[in-house]
Amino acid sequence: MTIYRGTFLDTPDNPFTGGGLRVDADAALLVRDGVIVARGTFGDVRRAHPAEDIVDLSGGLVLPGFVDTHVHFPQIRAVGGLGLPLLEWLDRYALPEEAKMADVGYAAGVAAEFVRGLAAAGTTSALVFGAHYADAVDVLFSAASRVGLRITSGLVVSDRLLREDLLTTPERAYTESLALAERWHGVGRNRYAVTPRFSLSCTDDLLAACRTMLDEVPGSLFTSHVNENEAEIATVSELFGGCDYVSTYDKHGLVDRRSVLAHNVHPTDVELKMLAEGGAAVAHCPTSNAALGSGLFPLARHLHYGVRVALGSDVGAGTGFSLLKEGLQAYFAQRLLGDQGCTLSAAHLLYLATSAGAEALGLDEVGDLSVGKRFDAQLLRPTDGSPLAVGVEHADDAEEALARIFTLGTPADVHAVWIDGELLHR
């Protein structure tokens, strides 16, 4: 067993429903086989376990590992393609990169960059949009396994409107997806996600096949995009005979607790009610929404209807892997909405980046640093004399320090990352 000594910040209780930031200074977590088995003051834990090794994390703040609920593995080299709305951006930047995943060697290089980028940003769990090629998804799972990340991913499937080399058929999608799930689902920390790109590029036959895949892989997730861009939404409505976007999934039984749908910037009230009743979660991707000009996310309306929301980086339309940046941009978006926005504290931002994501992905074992949880954690320790170090030093309390971390923090301030008590990144 190991005693971790430090200042721990987490959100075991939802700040949107009355919870708040939990702060324990000069505290200790006792970790055995990757699980937190005791939490208390350092003095109390040390007296109860005088012979155990101590890892001293003083001089920084320990947060749970971040949980990214929407990020694209093939798009890391497309980050920074600015100046275009969604559909034009896909054609100019994202889809050409996605087509390069047909080259397994190229995909393996991207996968290595991708998992390193997540870990360096303090992200320990992620729901990852995979590739349109099964071999590329294989190398993603292999790379994640080597690093140790908790990855949920799968084959991205489309059968219309995209470039020809990215298309499949319902039959081939079913066969290749099940083969990948058999190889990777439940192996180590990997899980499978059924992943149609979006209704725009998927026929009803393909979406029906996705439902069959989901049912045949117990414990798998479903993920796709919804209501991101107004032009996209209008085209989906035309393709599905006037149907709203959420209903294109719901009519195939794809809106339930297993579902995480990205963006939802422009939902109708009917769609929000449908998501809430189904128990689906929404991945809010604020830097992507801003970079593509998609719009300002209506968080208050989601909360009003009881729709679960967590954060996603959406690399590569998003501007990096750091959920600190996503949290700050989420705060900005709500401020810009004025009376229609939510007032977000640092506790809300931490919750969206950790506990909310864990709940959305069905990862009950992570998300906060309570007894019984896995020790997935990160140490934020800014460089001496940096603006963040100065800000944290002069903060009036821990919540103000956390607000300054979200405002000024970058992956460079992530000093160390653990998954299951195993040190990943320093």
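Here we take up the packing of helix α3 (residues 104-120) against helix α4 (residues 134-147). The interhelical angle for the contact between α3 and α4, taken along N-to-C directions, is 35°, at an axis separation of 8 Å. Every pair of crossing elements has a handedness; the one defined by α3 and α4 is right-handed. In contact with V104, A107, A108, A111, A112, F114, V115 and A119 of α3, α4 contributes D135, A136, V139, L140, A143, A144 and V147. Grouping the amino acids of the contact of α3 with α4 by side-chain chemistry returns 14 nonpolar, no polar and 1 charged.

Here the focus is the pattern of salt bridges. The full count for this structure, using the stated rule, is 24 salt bridges. Between E98 and R197 there is a salt bridge, and its shortest N-O distance comes to 3.0 Å. On the criterion of sequence distance, the pair formed by E98 in helix α2 (residues 86-99) and R197 in the loop between β10 (191-196) and α6 (204-216) is long-range, its members being 99 residues apart. Residue class for E98 comes out buried when judged on its relative accessible area of 0%. The buried category is assigned to R197, whose relative accessible area is 2%. In this structure, R189 and D420 form a salt bridge, with 3.1 Å as the shortest nitrogen-oxygen distance. In this pair, R189 sits in the loop between α5 (170-184) and β10 while D420 sits in the loop between β16 (414-419) and β17 (422-425), placing the two residues 231 residues apart along the sequence. Looking at R189, the relative accessible area reads 22%, which means it is partly exposed. Residues participating in the shared-partner salt-bridge network are R150, R189, R374, D376, D420 and E422.

Here the focus is the packing of aromatic side chains. One pass over the full model with this rule turns up 10 aromatic pairs. Taken together, a centroid distance of 5.9 Å and an interplanar angle of 75° make the contact between Y4 and W418 edge-to-face. Of this pair, Y4 sits in strand β1 (residues 2-10) while W418 sits in strand β16, and the two are 414 residues apart along the sequence. Through a chain of ring-to-ring contacts, three or more aromatic side chains come together here, namely Y4, F375 and W418. If you follow R77 out to its NZ or CZ, it ends over the ring of Y106, 4.6 Å from the centre.

For K373, the location among the structural elements is in the loop between α14 (355-360) and β15 (377-380). If near-sequence neighbours (up to four positions away) are discounted, K373 is found in contact with G34, V35, I36, D364, E365, V366 and D368.

A separate point is the pairing of strand β2 (residues 22-32). Across 8 bridges, the pairing between β1 and β2 is antiparallel. By the bridge assignment for β2, D10 is matched with R22. Two elements, β2 and strand β3 (residues 35-41), share 6 bridges in a ladder whose sense is antiparallel. Its bridge partner lying in β3, L29 is registered against R39.

About the thresholds
Residues numbered from 1 in each chain as written. Predicted model: local features only at pLDDT ≥ 70, side-chain atom pairs only at ≥ 80, totals over all residues. Heavy atoms only, no water. Axes fitted to C-alpha atoms, helices over the stretch in contact; angles between N-to-C directions. Helix = DSSP H or I, 4+ residues; strand = E, 2+ residues; numbered from the N terminus. Left-handed = near helix turned anticlockwise from the far one by under 90°. Contact = heavy atoms within 4.5 Å. Nonpolar A, V, L, I, M, F, W, Y, C, P; charged D, E, K, R; others polar. Salt bridge = Lys/Arg side-chain N within 4 Å of Asp/Glu carboxyl O. Buried < 20%, exposed > 50% of the residue type's maximum accessible area, 1.4 Å probe, protein only. Phe/Tyr/Trp six-rings, centres within 6.5 Å; stacked < 30°, edge-to-face > 60°. Lys NZ or Arg CZ within 6 Å of the ring centre and 35° of its normal. Pairing = 2+ DSSP bridges.

Geometric descriptors of this kind do not, in isolation, establish any biological role.
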